[in-house]
Amino acid sequence: MSMTSGTGGTQSPLTLQFPQSLAVYDDYTAAQKAVDHLSDQHFPVEACMIVGTDLKRVERITGRLTTGKVALAGAVSGLWLGAFVGLIFSIFSSEGLATFFSTVLFGALFGLVWALVGYAFTRGRRDFTSVAQIVATRYEVLVEHKHAQQARELLAQLPGGRPDPFA
């Protein structure tokens, strides 16, 4: 999706014309609250943008990875794939249930072997499971220059005030 600018070119919807920093917050909820306050005051919030800065990767370790867990996860994954393929094959086969169950069995076996081979190639370099996320440590609210003064005045009315945009 693109928007046409006044110069005849296209402008990304994720850019502003001559953006100015309105405020900097330590969490997204506070930045969202500021923009919501502007919206409640009938400010043209389409002239605003929340930008997460100072990105960092956070990884939470969820458990130890063992050969048994890898085998089980691979078998279950293959089982689901085999069930899906088996369901489709059984519709077109005269031996519906036999086709379905054999495909499920082959899927589980294939998933188990595939997972164990992949795990063997890691050679113990990553024997844990985790979930990862990229998070910002600061959130800056930007506003187009032509609306900056009005936005500052409206944010000054927000309970708790607004932080210094240059902090």
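Quick notes on the rules
- Residues numbered from 1 in each chain as written.
- Predicted model: local features only at pLDDT ≥ 70, side-chain atom pairs only at ≥ 80, totals over all residues.
- Heavy atoms only, no water.
- UniProt positions renumbered as here; feature names shortened; annotations may be inferred.
- Helix = DSSP H or I, 4+ residues; strand = E, 2+ residues; numbered from the N terminus.
- Phe/Tyr/Trp six-rings, centres within 6.5 Å; stacked < 30°, edge-to-face > 60°.
- Buried < 20%, exposed > 50% of the residue type's maximum accessible area, 1.4 Å probe, protein only.
- Contact = heavy atoms within 4.5 Å.
- Salt bridge = Lys/Arg side-chain N within 4 Å of Asp/Glu carboxyl O.
- pLDDT = per-residue confidence, 0-100.
- Patch = residues over 30% accessible without salt bridge, like charges linked within 9 Å, V, L, I, M, F, W, Y side chains within 5 Å.
- Areas by Shrake-Rupley, 256 points an atom, 1.4 Å probe, with all protein chains shown as cover.
- Core = buried A, V, L, I, M, F, W, Y, C linked by side-chain atoms within 4.5 Å.

As annotated in an unreviewed UniProt entry, the protein is Rhomboid protease GlpG from Nocardioides aquaticus.

Colleague: An account of the UniProt feature "transmembrane region" (unreviewed entry) in the protein is requested, with residue identities and associated values reported.
Modeller: When the UniProt feature table is mapped onto this chain numbering, "transmembrane region" (unreviewed entry) sits at residues 70-92 and 98-121. Counting secondary structure, residues 70-92 comes out at 96% helix and 0% strand; the distance between its end C-alpha atoms is 33 Å. The distance from the first to the last C-alpha atom of residues 98-121 is 35 Å, and the span holds 100% helix and 0% strand.

Colleague: Account for the packing of aromatic side chains, with residues named and values stated.
Modeller: One pass over the structure, following the stated rule, counts three aromatic pairs. Arranged with centres 5.3 Å apart and planes meeting at 75°, the rings of Phe-100 and Phe-101 form a pair that is edge-to-face. Accessibility expressed as a relative area gives 52% for Phe-101, which makes it exposed. Each ring, one from Phe-110 and one from Trp-114, has its centre 5.8 Å from the other, and the planes form 20°; the classification is stacked. Note that Phe-110 and Trp-114 are positioned in helix α3 (residues 96-122) at a spacing of four residues, about one turn of the helix.

Colleague: Account for the side chain of Glu-144, naming residues and giving values.
Modeller: Topologically, Glu-144 is positioned in strand β5 (residues 128-144). For Glu-144, a relative accessible area of 13% translates into the label buried. Apart from the residues within four sequence positions on either side, Glu-144 is in contact with Leu-16, Gln-17, Phe-18, Pro-19 and Ala-47.

Colleague: Tell me what's going on with the side chain of Thr-99, and back it up with residues and numbers.
Modeller: Residue placement: Thr-99 occurs in helix α3. Apart from residues lying up to four places away in sequence, Thr-99 is in contact with Phe-89, Ser-90 and Ser-93.

Colleague: An account of the pattern of salt bridges is requested, with residue identities and associated values reported.
Modeller: Per the stated rule, a full pass over the model turns up four salt bridges. The partner of Lys-146 in a salt bridge is Glu-144, with the nearest N and O atoms 3.8 Å apart. The exposure class of Lys-146 is exposed, given its relative accessible area of 55%. Where salt bridges share partners, they join Arg-57, Glu-59 and Arg-126 into one cluster.

Colleague: Can you tell me about the confidence of the model for the protein, naming the residues and giving the values?
Modeller: Here the protein shows a mean pLDDT of 87. Residues at 70 or above account for 89%. Low confidence marks residues 1-8, where pLDDT is under 50. Its contacts with residues over four positions away, or in another chain, come to ten contacts.

Colleague: A description of a nonpolar patch on the surface should follow, citing residues and the corresponding values.
Modeller: A cluster of nonpolar side chains, Leu-81, Phe-84, Leu-87, Ile-88, Phe-89, Ile-91 and Phe-92, forms an exposed patch at the surface whose accessible area comes to about 800 Å². As for its position among the elements, Leu-81 is in helix α2 (residues 67-91). With relative accessibility at 53%, the residue Leu-81 sits in the exposed group.

Colleague: I'd love a proper account of the nonpolar core, names of residues and values included.
Modeller: Judged by nonpolar contacts, the single largest core of 18 residues is most densely connected at Leu-22, Tyr-25, Leu-38, Phe-43, Val-143 and Leu-155. Within the residue set of this core, elements represented by two or more residues are β3 (19-25), α1 (28-40), β5 and α4 (148-156).

Colleague: Explain the environment of Ala-132 to me, using residue names and the numbers behind them.
Modeller: Positionally, Ala-132 belongs in strand β5. Looking at Ala-132, the relative accessible area reads 45%, which means it is partly exposed. For the pair Ala-132 and Arg-60, spaced 72 residues apart in sequence, the C-alpha to C-alpha distance is 6.3 Å. In contact with Ala-132, not counting residues within four places along its chain, are Arg-57, Val-58 and Glu-59.

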